[in-house]
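# Examining the three-dimensional arrangement
Chain residues, written in single-letter form:
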Amino acid sequence: MLKSTSAHSRQTLVMIRTNLSSLSRRRAISASMALSVALVVCVLAGFLSMAKGFETALASAGSPSVAVLLGGGTNQETGSDIPAAVIRTLDAMTGDIGVVRDTEGKLASSREIVVPVDMKLEAEEPARTMALRGMDAAGPSIRDGVALSAGHVFTPGTREIVVGDRLAEEFGLDVGDTVRLGAVDWTVAGRFSAHGSAFESEIWADLNAVRAAFDRQGEVQSLKLRLTGPDALERLRRSLVTITQTPLVTLSEADLYAAQSGRTASLIRLFGWPLALLMAIGATAGALNTMMSSVSDRTVEIATVRALGFSRLSAFFGTWVEAVVLASAGVLLGLFASWLVFHGWQASTLGANNTRMAFQLTITPDILAISGLLGLAIGIVGGALPAIAATRLPMTEALRARG
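Conventions and cut-offs
- Residues numbered from 1 in each chain as written.
- Predicted model: local features only at pLDDT ≥ 70, side-chain atom pairs only at ≥ 80, totals over all residues.
- Heavy atoms only, no water.
- Helix = DSSP H or I, 4+ residues; strand = E, 2+ residues; numbered from the N terminus.
- Buried < 20%, exposed > 50% of the residue type's maximum accessible area, 1.4 Å probe, protein only.
- Areas by Shrake-Rupley, 256 points an atom, 1.4 Å probe, with all protein chains shown as cover.
- Core = buried A, V, L, I, M, F, W, Y, C linked by side-chain atoms within 4.5 Å.
- Contact = heavy atoms within 4.5 Å.
- Phe/Tyr/Trp six-rings, centres within 6.5 Å; stacked < 30°, edge-to-face > 60°.
- Lys NZ or Arg CZ within 6 Å of the ring centre and 35° of its normal.
- Polar contact = N/O pair within 3.5 Å; in protein donor to acceptor, adjacent residues only side chain to side chain.
- Pairing = 2+ DSSP bridges.
- Salt bridge = Lys/Arg side-chain N within 4 Å of Asp/Glu carboxyl O.
- Arc of directions from axis to C-beta.

### Description of the overall build of the protein
Along its length, the protein carries 12 helices and 12 strands. In the protein, which comprises 403 residues, the share counted as buried stands at 47%. Counting every atom, the protein has about 18600 Å² of accessible surface; 61% of that belongs to carbon and sulfur.

Take a look at the structure:
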């Protein structure tokens, strides 16, 4: 039994070595199979890295230590409206409601609105819709992970703006520049960094200045509140039960952005996976054609070794391993190309509040693993049928054809 197993192993190794050494005779068709697998891997990795980058940009913007209060029963800032009476009632509450207070006993909060504004890189280029966020003076300070990288924060009551580093780099903005937003000119007072999060695609300004410039007097879309601790959000929700002027939605900033990122990321994957699978089917058909050509090219060789006593199993593995090796080469090429092309690539799409948000594509180990496994599956499936065909070659007819 051991002797038979050893003989089969040696025969299989001989067939694998013979098949791989003969690849030079089929350079073009072998290269086409590897390239088709590489293309499938690149496409899938590209879509997955896009979804991952979008999720990362939004998820890193949200903090579990900041509560977001929305009015009107909506869970988005657009469409939300918080009456002034609600904010006055909340400010008048005493005791521990889960919100940080300053030295004067006032809540650490920021009333905010988001206004879509059009900006242009060049005069002849189409405008891009960006988010101008009006906020109270405490707005920047209650957010986590935000730091000034140049200049100063906007001065209350003035038409000054601070812009995210990513947006500033995209539009070439620097401290002291003048930008026209709507019908009003604004001065860039500073730039801020937010570790590449969605905040860096926003423009921040004084709430009252934004209201006056865009005829939004008295409007408040969201109220941001700095929480005292991990369990403070539930205490805040219990405190808000007594406010009945309008339906209120209270959630953490992290949950708000996670919900927004999940919808868009799912949509990206919804398009990416079917396209990648469709291409994978085509690549599998290509692999099948390549390996069938390989078997046809070596019909006499396979029949000869079979006549010499080589087993069907060795003929199967010889052809199947050849397909897997070609697919593996395509996978390695595709993964390298994906990392080179997509990782760190800057992209933009419609994000929160129906405004454009820039983000960075991110290739992660799990994306590489998923894309690589799909590529290997092409070789495994595409090589199986030709490998079976190699075991069923009629030896006498093949040898007669040689004569």
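### Regarding the nonpolar core
Counting residues in each nonpolar core, the largest one holds 27 residues, and the members touching the most others are M33, V37, V40, L374 and I378. For this core, the secondary structure elements donating two or more residues are α2 (27-59), α8 (253-297), α10 (312-342) and α11 (365-391). Tallying contributions element by element places α2 first for this core, with 9 residues. With residues near it in sequence (within four places) discarded, V37 still touches A327, G330, V331, G375 and I378. With 23 residues, the next largest nonpolar core counts V115, I161, W186 and F214 among its residues.

### What about the packing of aromatic side chains?
One pass over the full model with this rule turns up 2 aromatic pairs. Measuring from centroid to centroid gives 4.1 Å for F192 and W204, while their planes differ by 15 degrees, and the two rings are stacked. Of this pair, F192 sits in strand β7 (residues 184-193) while W204 sits in strand β8 (residues 202-206), and the two are 12 residues apart along the sequence. Judged by relative accessible area, which is 1%, W204 ranks as buried. Ring centres 5.8 Å apart and planes at 70 degrees place the aromatic pair F199 and W204 in the edge-to-face group. For F199, a relative accessible area of 1% gives the class buried. Cluster of aromatic residues (ring-pair linked, three or more members): F192, F199 and W204. Cation over ring: R143 sits above F199, and NZ or CZ is 5.3 Å from the ring centre. Its end group placed over the ring of W204, R143 keeps NZ or CZ at 5.1 Å from the ring centre.

### A short note on unusual backbone geometry
Despite not being glycine, D215 shows a phi value in the positive range, around 55 degrees. Summarising the element assignment, D215 is placed in the loop between α6 (207-213) and β9 (222-226). On the accessibility criterion, D215 (66% relative accessible area) is exposed.

### Considerations on the side chain of K224
Along the chain, the position of K224 falls in strand β9. Side chain to side chain, K224 and E112 meet in a polar contact 3.1 Å long. Excluding anything up to four places from it in sequence, K224 contacts V66, A67, V68, E77, A108, S109, S110, E112, R133, I142, R143 and E253.

### What to know about the pairing of strand β1 (residues 66-71)
Taken across its 6 residues, β1 has 6 buried, putting it largely inside the fold. Every second residue of β1 is oriented toward a common face, with V66, V68 and L70 on one face and A67, L69 and G71 on the other, all of them buried. Pairing analysis gives 5 bridges linking β1 to β9, with the strands arranged antiparallel. If you follow A67 over to β9, its bridge partner there is L225. The sheet contact formed by β1 and strand β10 (residues 248-252) spans 5 bridges and is antiparallel. By the bridge assignment, G71 is partnered in β10 with L248.

### Some points on the pattern of salt bridges
Going through the model one piece at a time under the given rule, you end up with 16 salt bridges. Where R111 meets D136, a salt bridge forms, and the shortest distance between an N and an O atom there is 3.0 Å. Of this pair, R111 sits in strand β2 (residues 109-119) while D136 sits in the loop between β3 (128-135) and α4 (139-142), placing them 25 residues apart in sequence. You can call D136 buried: its relative accessible area is 17%. The shortest N-O distance in the salt bridge between R237 and E234 comes to 2.7 Å. Placement of both R237 and E234 in helix α7 (residues 232-240) is noted, with a separation of 3 residues, approximately one turn of the helix. By relative accessible area, which is 30% here, R237 ends up partly exposed. Members of the salt-bridge network, linked through shared partners, are E77, E112, R133, R143, E202 and K224.

### Points about the environment of D118
With respect to the helices and strands, D118 occurs in strand β2. Given the relative accessible area of 48%, D118 is considered partly exposed. Sequence separation between D118 and T129 is 11 residues, and the spatial gap between their C-alpha atoms is 4.5 Å. Leave out the neighbours within four places in its chain, and D118 touches A127, R128, T129 and R180. Side chain to side chain, D118 and T129 meet in a polar contact 3.2 Å long.

### Side note on helix α3 (residues 84-92)
By the burial criterion, the buried members of α3 are V86, I87 and L90. Down the axis, α3 shows its buried residues gathered within 95 degrees of arc, on one side only. In α3, the exposed residues that point more than 90 degrees away from the buried face are R88 and A92. Packed against the buried residues of α3 are β1, β2, β9, α7 and β10.

### Thoughts on the environment of D96
Within the secondary structure, D96 sits in the loop between α3 and β2. For the pair formed by D96 and R235, sequence separation is 139 residues and the distance between their alpha carbons is 8.1 Å. A polar contact is formed between the side chain of D96 and the backbone nitrogen of G98, at a distance of 3.0 Å. A distance of 3.3 Å separates the side chain of D96 from the side chain of R235, its partner in a polar contact.

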